[in-house]
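Breakdown of the fold
What follows is the residue order along each chain.
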Amino acid sequence: MNNKKSLKLWYTSPAPAFHDGAPSMDRTNSPDNGWEKWSLPLGNGYMGANIFGRTGTERVQITENTLANPYRVGGLNNFAEVFLEFAHDNVTQYMRDLDLNTATAHVTYQWGGVDYRREYFISYPDRVMVIHLTASQKGKLSFTLRPTIPFIKDYGREEGDGGGKSGRVTAQRDTLVLEGKLNYYQILFEGQFRVLHQGGRLEARADEKGENAVLVLNGADAATILIAAGTNYHMESRVFTEKDPQQKLAPYPHPHAMVTRLMDNAAAKTYTQLLDTHLQEYQTYFDRVSLDLGGEEPEIPTDRLLQEYKGGRHSRYLEELYFQYGRYLLIASSRPGSTPANLQGVWNCYDDAPWSAGYWHNINVQMNYWPAFNTNLAEMFEPYAAYNAAYMALAQECADRYIHDNYPERLSKEPGGNGWIIGTGAWLYTIDGMSNDSHSGPGTGAFTSMLFWDYYDFTRNRKILEEVTYPVVSSMSKFLSKVLVPEDGFLLTKYSASPEQVQDNKYWHTKGCAFDQQMIYENHRNTIQAAALLGIEDPVAETAKEQLDKLDPVVIGASGQVKEFREENEYGDIGEYHHRHISQLVGLYPGSIINQDTPEWMDAAKKTLELRGDKSTGWAMAHRLNLWSRTGDGNRAYLLYQTLLKQGTLTNLWDTHPPFQIDGNFGGTSGVAEMLLQSHAGYIDPVPTLPDAWAKGSFQGLVARGNFEVSACWENKQVTQLEIFARAGGVCRMKWHDGLRPVITDAAGNQVAYHEEKDAIVSFDTQKNVRYMIR
Ligand code: FUC
């Protein structure tokens, strides 16, 4: 059923090399607009690259996600600025693109009567970047390859960065070795650049200043550049618990041997082999989902398509493309074995990325993983699960300290006896714990562990439940159960804050705000359910049961709103009226306690959404999109999708806060998936939130809880055909909207008996790995 569509971002001019033509990459003085708005991203989780597609001097900017100091001492660092000097000016027939179906970027043009073509990709299986260059005439390919280390030396910081960065580029025959150190954590890094060529002559030289080496290729027919990179970082507990920054990476070896191995393995393969391996592996993930809203391939480039969209020509193609782009970006920035996707995914050109490219836990990092499960990319969550396992020991220390300081009578002396907690900020080397003067309450932890419940619920893999989900979720309940105090017959978080909500320029601190109460409710419920599934009698689950009904997570105020703070009467009494965070609705999305079966709460949620307003920062519009998707109001949800595209999207379709943050891309993709398929209320609801503009369409391969892979066709906003592939078997419950009785058949065409429940819900037993058709 896979009718593959062309999915390309393409442009008829290169990305500007730098903001103003000068090679200044200081973020505060000169935001690199060429990078942020125009360059095209590639990645394999470990490494990210931005392609500018230039013809005089090409710029390929590379990030390696572990080359990162934490907040205030410089964030994620720029690994390498790589230049390819062609001196091809005044070219004709110029075109560059990023093809989402193949995860390859291209640059083509004519110069001096010769057709030049470059193809770029970053392979996950071979863990290298590959650039293949060809010319239509023999002997016409010449260039100088000049990788550089940006921000070398102490780049202007007073103190705190521990003395900056050092390193240089040397040549070893056909290979350049870029090698150095980031002082603060003693991060050792190395990149290797090898040129394989057909015809012509390759030689190594010193650059103009005589400090670093370059490779010069002359008169070749074709060439392949291979790039491998690494650091001495290891995502392990001791990196987090070790307090001395100089000792964090001390036991780990220099990355030279690892990078050399990657390079030698890749160099032993032909270009075609590398490409085939990349395609085969990438497509296993990307091809799982297709979406057809009737979009037709445009004749205008993507920047103009977006421009026209902003002007009111709402291209269905762009809507499909943006949805799939989020999936592409997740595959490119979060892969088993790699670090998780950070605030900018795996892309950064600065010495200190905005918000240090951290893992911000009061919504941003969670949003990164919202599309992982429903758009059929559950494996991409593995890096976050591994990250959580690595920071867990420190997160438990943070919980011990917090309970010790605030509830000494509740302190457990057992290891892990106080559960775990995470504050808003987290990086690859350390995490923030909880504090009572922070701008977010303990709900932050539950907001995080919800991903782990979903990880099980969407995969229904018992091993995941036992080994990953239950430990994380139940131990979060352990912590949360200790931070509640009785008040007015309820149990409220004693120190509570709704993420970043301010009154009179101060964060508002209170008891039992909606964010904390809802998140605790959801986490406790998941703990209870998980314990029951595993047949475990756990005192944590017993406590959760006792506490659940006293949490009072949704309270309606005088304006008909969901109260953000219990002490507010009318909407806006406390806090910024149009605040970007809308944390009182986390129980609507990503949570589920506010749903179609709680109509009063749902009405209050809609009222709250209206009052808060649509226009906001990139990710905040994406959150609103997901929230509206859950209300069932298709036109309203679609309006948010349009707003995100019009006001939060750059020409390379990256989300902008501003500045660029990847979260909004991921939130946008999950929001569209939520419009097309929902399953949080205990049944599959196909196309629950369609706008009039998407009256007809189809999708394949979205995933519902229970690990049902769902495909649907619809017309006049009614499902005409549904296919459910039961990847885990079990009872399938689904909503059937059109008032007619469905006919369910299995793959052999046999009719399947089903049970009719109330409210148009039908349920039937499924066999594992059997496909069911419903008409
Ligand atoms: C949260 C948000 C900000 C920004 C930052 C990275 O603090 O409130 O808007 O997205 O994370």
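Conventions adopted
- Residues numbered from 1 in each chain as written.
- Predicted model: local features only at pLDDT ≥ 70, side-chain atom pairs only at ≥ 80, totals over all residues.
- Heavy atoms only, no water.
- Helix = DSSP H or I, 4+ residues; strand = E, 2+ residues; numbered from the N terminus.
- Rg over C-alpha atoms; globule rule 2.2 N^0.38 Å.
- Buried < 20%, exposed > 50% of the residue type's maximum accessible area, 1.4 Å probe, protein only.
- pLDDT = per-residue confidence, 0-100.
- Contact = heavy atoms within 4.5 Å.
- Expected span 1.5 Å × (residues − 1).
- Salt bridge = Lys/Arg side-chain N within 4 Å of Asp/Glu carboxyl O.
- Near = heavy atom within 4 Å.
- Polar contact = N/O pair within 3.5 Å; in protein donor to acceptor, adjacent residues only side chain to side chain.
- Areas by Shrake-Rupley, 256 points an atom, 1.4 Å probe, with all protein chains shown as cover.
- Nonpolar A, V, L, I, M, F, W, Y, C, P; charged D, E, K, R; others polar.
- Axes fitted to C-alpha atoms, helices over the stretch in contact; angles between N-to-C directions.
- Parallel < 35°, antiparallel > 145°, perpendicular 65-115°, else oblique.
- Left-handed = near helix turned anticlockwise from the far one by under 90°.
- Pairing = 2+ DSSP bridges.

Scanning the chain from N- to C-terminus turns up 16 helices and 31 strands. Expected size for 775 residues packed as a compact globule is a radius of gyration near 28 Å; at 26 Å, the chain falls within 12% of this value. Dimensions of the chain along its principal axes, counting C-alpha atoms only, are 80 × 60 × 45 Å. Counting the 775 residues in the chain, one finds 63% classified as buried.

Turning to the confidence of the model for the chain, a few remarks are in order. Taken residue by residue, the chain gives an average pLDDT of 94. The fraction at 70 or more is 96%. Confidence drops under a pLDDT of 50 for residues 20–25, and excluding neighbours within four residues, the segment shows 13 contacts in the predicted structure. Counting interchain partners and residues more than four positions distant, the pLDDT-below-50 stretch residues 154–161 has 16 contacts.

This part takes up helix α15 (residues 634–647). Helix length check: α15, at 14 residues, gives a terminal C-alpha distance of 20 Å against a target of 20 Å (1.5 Å per residue), a fit within 8%. Most of α15 is tucked away: 10 of the 14 residues are buried. Along α15, the positions that sit buried rather than exposed are Gly 634, Arg 636, Ala 637, Tyr 638, Leu 640, Tyr 641, Gln 642, Thr 643, Leu 644 and Leu 645. Elements in contact with the buried residues of α15: α5 (302–310), α6 (316–333), α13 (599–612), α14 (618–631) and α16 (663–676).

Turning next to the pattern of salt bridges. Summed over all chains, the structure comprises 41 salt bridges. Linking Glu 466 and Arg 462 is a salt bridge whose minimum nitrogen-to-oxygen distance equals 3.5 Å. Taken together, the positions of Glu 466 and Arg 462, both in helix α10 (residues 462–481) and four residues apart, correspond to about one turn of that helix. As a salt-bridge pair, Glu 757 and Arg 733 come within 2.5 Å of each other at their nearest N and O atoms. With a gap of 24 residues between them, Glu 757 in the loop between β29 (755–756) and β30 (761–766) and Arg 733 in strand β27 (residues 730–735) connect regions that are remote in the sequence. Classification of Arg 733 by relative accessible area gives partly exposed; the value is 28%. Three or more residues joined by partner-sharing salt bridges are found here, namely Asp 454, Asp 457, Arg 460 and Arg 705.

This next bit is on unusual backbone geometry. A negative phi angle characterises most non-glycine residues, just as the trans form characterises most peptide bonds. The amide bond that connects Tyr 589 to the next residue, Pro 590, takes the cis arrangement and shows omega of 5°. The amide bond that connects Pro 658 to the next residue, Pro 659, takes the cis arrangement and shows omega of 5°. Considering the arrangement of structural elements, one finds Pro 659 in the loop between α15 and α16. Even without being glycine, Val 687 reaches a positive phi, approximately 35°. As for its placement among the helices and strands, Val 687 is situated in the loop between β23 (685–686) and β24 (697–704). Phi at Asp 759 takes a positive value of approximately 60°, unusual for a residue other than glycine. Tracing the chain through its elements places Asp 759 in the loop between β29 and β30. Overall, Asp 759 belongs to the partly exposed group, its relative accessible area being 48%.

This part is about the site of the ligand. Around the ligand, the neighbouring residues are Leu 343, Trp 355, Asn 362, Asn 364, Glu 500, Arg 580, His 581, Trp 619, His 657 and Gln 661. One of the side-chain nitrogen or oxygen atoms of Asn 364 is found 3.0 Å away from an oxygen atom of the ligand. A distance of 2.7 Å separates an oxygen atom of the ligand from a polar atom in the side chain of Arg 580. In isolation the ligand exposes 290 Å². Once the protein is present, 95% of that is buried. The residue makeup of the shell around the ligand, split by class, is three nonpolar, five polar and two charged.

Moving on, we come to the packing of helix α7 (residues 364–374) against helix α9 (residues 443–459). Where α7 meets α9, the axes come as close as 10 Å, and the angle between the chain directions of the two elements is 15°. For the element pair α7 / α9, the angle class is roughly parallel. With respect to the hand of their crossing, α7 and α9 are arranged in left-handed fashion. Together, Gln 366, Tyr 369, Trp 370, Phe 373 and Asn 374 of α7 and Thr 444, Phe 447, Thr 448, Leu 451, Asp 454, Tyr 455 and Phe 458 of α9 make up the contact between the two elements.

The next thing to look at is the sheet that holds strand β7 (residues 104–111). Strands sit in the order β1-β6-β7-β8-β9-β16-β13-β12-β11 across an open sheet of nine strands; the sheet is antiparallel. This sheet does not close on itself; its edge strands, each paired only once, are β1 (8–11) and β11 (165–172). On average, each strand axis in the sheet is inclined to that of its neighbour by 15°, with strand direction left out of account. Pairing of strand β12 (residues 175–182) with strand β13 (residues 187–198) involves eight bridges; the strand directions are antiparallel. Pairing of Leu 178 across the sheet is with Gly 191, part of β13. Against the sheet, helix α3 (residues 256–267) contacts β9 (128–135), β13 and β16 (222–231), and its axis sits at roughly 155° relative to β16. Contacts from α6 reach β1 and β6 (92–99) within the one sheet, and its direction differs from that of β1 by about 110°.

Regular strands have side chains that alternate between both faces of the sheet. Extensive coverage of strand β8 (residues 114–123) is indicated by the burial of eight of its 10 residues. Pairing geometry for β7 and β8, over seven bridges, is antiparallel. Within β8, the position partnered with Tyr 109 by the bridge is Tyr 116. Here eight bridges tie β8 to β9, and the two strands are oriented antiparallel to one another. The partner of Ser 123 across the bridge, within β9, is Val 128.

Here the focus is the packing of helix α8 (residues 382–406) against α9. At a minimum axis separation of 11 Å, α8 and α9 run at an interaxial angle of 130°. If you check the angle between α8 and α9, you find them oblique. Handedness of the α8/α9 crossing: left-handed. Of the residues in α9, those touching α8 at Glu 382, Tyr 384, Ala 385, Asn 388 and Tyr 391 are Thr 448, Phe 452 and Tyr 455. Residue composition of the contact of α8 with α9, by class: five nonpolar, two polar and one charged.

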